[in-house]
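Single-letter residue listing:
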Amino acid sequence: MEIERIGILGAGAMGSGIAQVCAQVGYEVVMRDIADEFVQRGLKNIEGFLSKGVEKGKLSEKDKEEALGRIKGTTEVSDLKDVDFVIEAVLEDLELKKQVFREMDDLTRPEVILATNTSSMSITEIGAATKRPNKVVGMHFFNPVPLMKLVEVIKGHETSEETIKVTWNLAEKLGKLPVLVKKDTPGFIVNRLMVPQLMEAIKIYEEGIASIEDIDKAVKAGLNHPMGPFELMDLTGIDIAYHVNEYFHREMNQELKHVTPHTLKTMVRANKLGRKTGEGWYRYK
Ligand SMILES: NC(=O)c1ccc[n+]([C@@H]2O[C@H](COP(=O)([O-])OP(=O)(O)OC[C@H]3O[C@@H](n4cnc5c(N)ncnc54)[C@H](O)[C@@H]3O)[C@@H](O)[C@H]2O)c1
């Protein structure tokens, strides 16, 4: 089946970024969120990103207008009825994801692939909520989507080879670099490596070994990472680091190394979530 129209669920940081890259390479996009203010915020993000591209001479005003013209923002689930491929980017909450997958399973044609941008959760479990688990796949983009090349394509237990192939080809068409995650395991490749490192950075801070600034400086200058762990958490959202780590703890038999540091729990409880509130580690200290 030729993909012409892509449905995106969630117009947040990831959903709007994914909608943008899809529209820029010529797909028609329907981007759905639960309230109009979220849809408008997502569309504004996209417009801002594209405008910066025009200022920097990376694309023309015409390219920008054409890409924007291909994106329809909506709050109506039924507007995704005729899409050829779905990418889900709602909050990192397993029950919510299962619910939206059931909804999409009932709404879209049976041959349509349903992809999830989950950072860590089981593709198999999300797929089991549908009657088409062979067409459910992980398609894990990185933040900010228009700039980051990697897409992890994750095979759930029931995901078919054909589904993997179509998803892989779509990632390439979006100008991304896909890698295959052959087994459905928490955190896939990148987050399995990165989240324990973020937690260790928080523990170094909690133990009074170094300041947030110095830990960030050390990682940038010593490991050549473009951002330090605290800067990264502030960018992506502290709640995401928290939820992914709690999920690791549950899924990996409560291993001690996955216990969530107390300071992170407190920050999430106090709603100091970084990206979403303009707060985060650099305001919290
Ligand atoms: N932020 C990152 O760095 C990052 C990177 C890779 C993957 N992810 C994953 O992408 C997903 C989205 O993360 P985000 O950072 O964009 O979160 P976000 O909070 O910015 O956006 C999520 C959006 O989903 C919307 N939403 C909630 N229920 C919905 C529903 N039923 N239908 C449609 N929209 C709904 C919310 O209103 C919100 O606007 C999560 O699973 C996250 O783990 C995030």
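Our subject in this report is the structure included herewith.

Rules and cut-offs
- Residues numbered from 1 in each chain as written.
- Predicted model: local features only at pLDDT ≥ 70, side-chain atom pairs only at ≥ 80, totals over all residues.
- Heavy atoms only, no water.
- Helix = DSSP H or I, 4+ residues; strand = E, 2+ residues; numbered from the N terminus.
- Rg over C-alpha atoms; globule rule 2.2 N^0.38 Å.
- Buried < 20%, exposed > 50% of the residue type's maximum accessible area, 1.4 Å probe, protein only.
- Contact = heavy atoms within 4.5 Å.
- Areas by Shrake-Rupley, 256 points an atom, 1.4 Å probe, with all protein chains shown as cover.
- Lys, Arg positive; Asp, Glu negative; His and termini not counted.
- Charge placed at Lys NZ, Arg CZ, Asp CG, Glu CD.
- Salt bridge = Lys/Arg side-chain N within 4 Å of Asp/Glu carboxyl O.
- Near = heavy atom within 4 Å.
- Polar contact = N/O pair within 3.5 Å; in protein donor to acceptor, adjacent residues only side chain to side chain.
- Axes fitted to C-alpha atoms, helices over the stretch in contact; angles between N-to-C directions.
- Parallel < 35°, antiparallel > 145°, perpendicular 65-115°, else oblique.
- Nonpolar A, V, L, I, M, F, W, Y, C, P; charged D, E, K, R; others polar.
- Arc of directions from axis to C-beta.
- Pairing = 2+ DSSP bridges.
- Right-handed = clockwise from strand over helix to strand, strands pointing away.

## Structural notes on the overall build of the protein
Secondary structure assignment for the protein yields 12 helices and 8 strands. At 19 Å, the protein has a C-alpha radius of gyration in line with the 19 Å of a compact globule built from 285 residues. Along the first, second and third principal axes, the C-alpha set of the protein runs to 55 × 45 × 35 Å. Taking all 285 residues of the protein together, 48% fall into the buried category. Considering only contacts within the protein whose residues lie at least 6 apart along the sequence, 66% involve residues at least 24 apart. A total of about 13,800 Å² of accessible surface is found on the protein, and carbon and sulfur atoms cover 52% of it. Across the protein, the 39 positively charged side chains and the 44 negatively charged ones have centroids separated by 2 Å.

## Digging into the pattern of salt bridges
This structure, assessed with the given rule, holds 17 salt bridges. Close ionic contact of Lys 98 with Glu 125 constitutes a salt bridge, the shortest N to O distance being 3.4 Å. Of this pair, Lys 98 sits in helix 4 (residues 94–107) while Glu 125 sits in helix 5 (residues 123–128), and the two are 27 residues apart along the sequence. Among the residues examined, Lys 98 registers a relative accessible area of 13% and is labelled buried. In this structure, Asp 106 engages Lys 131 in a salt bridge whose closest nitrogen and oxygen atoms are separated by 3.3 Å. With Asp 106 in helix 4 and Lys 131 in the loop between helix 5 and strand 6 (136–140), this pair connects stretches of sequence that are 25 residues apart. Across the pair, exposure class does not vary: Asp 106 and Lys 131 are exposed alike. Several salt bridges share partner residues, and in doing so they unite Asp 105, Asp 106, Lys 131 and Arg 132 into one network.

## Digging into the site of the ligand
Near the ligand there are 26 residues, and of these Met 14, Asp 33, Glu 92, Lys 97 and Ser 119 occur at the shortest range. Within the backbone of Met 14, an N or O atom sits 2.8 Å from an oxygen atom of the ligand. Contacts to the ligand include Thr 236, whose backbone N or O atom sits 3.4 Å from a nitrogen atom. Within the residue set of the shell around the ligand, elements represented by two or more residues are helix 1 (13–24), helix 2 (36–55) and helix 4. When residues in the shell around the ligand are grouped by element, the largest group, 3 residues, is from helix 4.

## Topic: the packing of helix 8 (residues 212–223) against helix 9 (residues 229–236)
It is at 7 Å that the axes of helix 8 and helix 9 come closest, and there the two elements cross at 100°. Judged on the interaxial angle alone, helix 9 and helix 8 are roughly perpendicular. Where helix 8 abuts helix 9, its residues Ile 212, Ile 215, Asp 216, Val 219 and Lys 220 lie against Pro 229, Phe 230 and Glu 231. In terms of residue class, the contact of helix 8 with helix 9 is made up of 5 nonpolar, no polar and 3 charged.

## Side note on the environment of Pro 144
Within the fold, Pro 144 resides in the loop between strand 6 and strand 7 (150–154). A relative accessible area of 25% means that Pro 144 is categorised as partly exposed. Sequence spacing of Pro 144 and Leu 235 is 91 residues, and the spatial spacing of their C-alpha atoms is 9.3 Å.

## Notes on helix 11 (residues 262–269)
Along helix 11, the residues that are buried comprise Thr 263, Leu 264, Met 267 and Val 268. For helix 11, the arc enclosing every buried residue in end-on projection is 135°, short of the 170-degree limit, so these residues lie on one face. In this structure, helix 11 carries His 262 and Arg 269 as exposed residues pointing more than 90 degrees from its buried face. Directly beyond the C-terminal end of helix 11, a positive phi value near 65° is found at Asn 271.

## A look at the pairing of strand 1 (residues 5–9)
Among the 5 residues of strand 1, 4 are classified as buried, and the element is accordingly described as predominantly covered. One ladder, built from 5 bridges, connects strand 1 with strand 2 (residues 28–32); its direction is parallel. Note that in strand 2 the partner of Arg 5 across the bridge is Glu 28. Handedness of the crossover is the feature at issue here: the chain leaves strand 1, passes through helix 1, returns alongside strand 2, and the resulting connection is right-handed. Two strands pair when backbone bridges link them, and strand 1 and strand 4 (residues 85–88) are joined in this way by 4 bridges, in the parallel orientation. When the bridges of strand 4 are listed, Gly 7 appears paired with Val 86.

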